[in-house]
Amino acid sequence: MKFFVASKGDHKSNMIKTMVEQYLLDFDLEISKEEPDLVISVGGDGTFLYSVHDYFHRLEKTAFIGLHTGHLGFYADWLPDEIEKLVIAISKNQFEIKEYPLLSMSLTIEGESEPKKYLALNEATIKKIDGSLVVDVNINGQHFERFRGDGLCVSTPSGSTAYNKALGGAIVHPSLSTMQVTEMSSINNRVFRTIGSPLILPSHHKCQFVPLNRDQNFVITIDHMTKSVDNVVSLEYTVAKERIRFARFRSFPFWQRVRESFISDEY
Ligand code: NAP
């Protein structure tokens, strides 16, 4: 099996990267940055996002595992004192693959022949730099609402514990192939009205944001990436056909991770 260890770049993560690499080489596994079967991301959930984006072009062939050098994470759910157990399990190929849904976003810019396609593991957001964001929200081609406010977030189930949670969205189990739309400070009064609740859409639905005025400048984020865009015709979101594959070496149920991350790790 070919593997690659990605590091957050701090001293502790780099030391653990070197240690994991050495152990796995001792077990006769091969390092391959270009074509790994397994990527071990050392750092945090943020580092994990970077690692996954580097391999979006080979999701069918690469599985991921996260090792946290701070607190327990959602993607990075192994801790440094478990390295030996993890390395032995990797060397014996004793893992199962768990697939989670991703979000697909198509950005159509005026004058460009093809929409730009993006994949997100956590979420994609749209905000406006100055003033309120004003977009028509269409669901499956039908007008749903005119949104005015700070912005909108569309998240995956596994991203539901990230930005989405801070926006009051629901935590969604990643076995459900869905996407969730949450509002950022919508303006609601006698003139402007939005639904005000997060919306959870199934995998065969499409959600589209159409800016009222194309001369506006928007900030879009896709996980950790931020882009400034002009002349936006539309943004379209669906649950992606591609899925991310996690290498699972032990059972760690999602709701247990939620409890340990947000409530308490004492039982
Ligand atoms: P960052 O601002 O440096 O870190 C964002 C935080 O989100 C980190 O504590 C990270 O955990 C945590 N996180 C990432 N994915 C998560 C998940 N699926 N469930 C629970 N927590 C998660 O930014 P970054 O490291 O580049 O990560 C980008 C992500 O930050 C975005 O995808 C977005 O979800 C999140 N974000 C959140 C808010 C907010 O909550 N108000 C605002 C902006 C962005 P680690 O410490 O383990 O890395």
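Note that the structure is a prediction, hence the values are computed from the model and not measured.

**Concerning helix 3 (residues 83-91)**
Taken together, the buried positions of helix 3 are Ile83, Leu86, Val87, Ala89 and Ile90. Each buried residue of helix 3 lies within a common arc of 165° when the element is viewed along its axis, so the set occupies one face. Projecting away from the buried face of helix 3 at angles above 90 degrees are the exposed residues Glu84 and Lys85. In this structure, the buried residues of helix 3 make contact with helix 1 (11-26), strand 3 (38-43), strand 4 (63-68) and strand 5 (76-78). Looking one or two residues past helix 3, Asn93 carries a phi angle of roughly 60°, positive in sign.

**Here's the deal with the site of the ligand**
Of all residues adjacent to the ligand, which total 17 residues, the nearest are Asp45, Gly46, His68, Glu123 and Thr161. Note that an oxygen atom of the ligand is positioned 2.8 Å from one of the side-chain N or O atoms of His68. Take Asn122: an N or O atom from its side chain is 2.9 Å from a nitrogen atom of the ligand. For the ligand, whose free accessible area comes to 840 Å², the fraction covered by protein is 61%.

**Things to note about the domain arrangement of the protein chain**
Interface size, as often reported, equals the accessible area lost upon joining of the parts. Here the protein chain is partitioned into domain 1 (2-95 + 249-262) and domain 2 (102-241). Put simply, the middle of domain 1 and the middle of domain 2, counted by C-alpha atoms, are 30 Å apart. The partner domain 2 presents 17 residues to the 13 residues of domain 1 that form the contact. A buried area of about 1,300 Å², summed over both sides, lies between domain 1 and domain 2, and 77% of it is on carbon and sulfur atoms.

**Looking at the UniProt feature "active site" (unreviewed entry) in the protein chain**
Under the UniProt annotation, "active site" (unreviewed entry) lies at Asp45. In this fold, Asp45 is placed in helix 2 (residues 45-54). Since its relative accessible area comes to 21%, Asp45 is described here as partly exposed. Leave out the neighbours within four places in its chain, and Asp45 touches His68, Gly73, Phe74, Tyr75 and Ala76. A polar contact is formed between the side chain of Asp45 and the backbone nitrogen of Tyr75, at a distance of 2.7 Å.

**Concerning unusual backbone geometry**
One non-glycine residue, Asp28, lies in positive phi territory at about 70°. Examined against the element boundaries, Asp28 turns out to sit in the loop between helix 1 and strand 2 (30-31). For Asp28, a relative accessible area of 71% translates into the label exposed. Positive phi, normally seen in glycine, also occurs at Asn231, with a value near 55°. Mapped onto the secondary structure, Asn231 falls in the loop between strand 15 (225-230) and strand 16 (232-248). Among the residues examined, Asn231 registers a relative accessible area of 32% and is labelled partly exposed.

Cut-offs used in this document
Residues numbered from 1 in each chain as written. Predicted model: local features only at pLDDT ≥ 70, side-chain atom pairs only at ≥ 80, totals over all residues. Heavy atoms only, no water. Buried < 20%, exposed > 50% of the residue type's maximum accessible area, 1.4 Å probe, protein only. Helix = DSSP H or I, 4+ residues; strand = E, 2+ residues; numbered from the N terminus. Arc of directions from axis to C-beta. Contact = heavy atoms within 4.5 Å. Near = heavy atom within 4 Å. Polar contact = N/O pair within 3.5 Å; in protein donor to acceptor, adjacent residues only side chain to side chain. Areas by Shrake-Rupley, 256 points an atom, 1.4 Å probe, with all protein chains shown as cover. Domains from an automatic or database assignment. Buried area = accessible area lost by both parts, 1.4 Å probe. UniProt positions renumbered as here; feature names shortened; annotations may be inferred.

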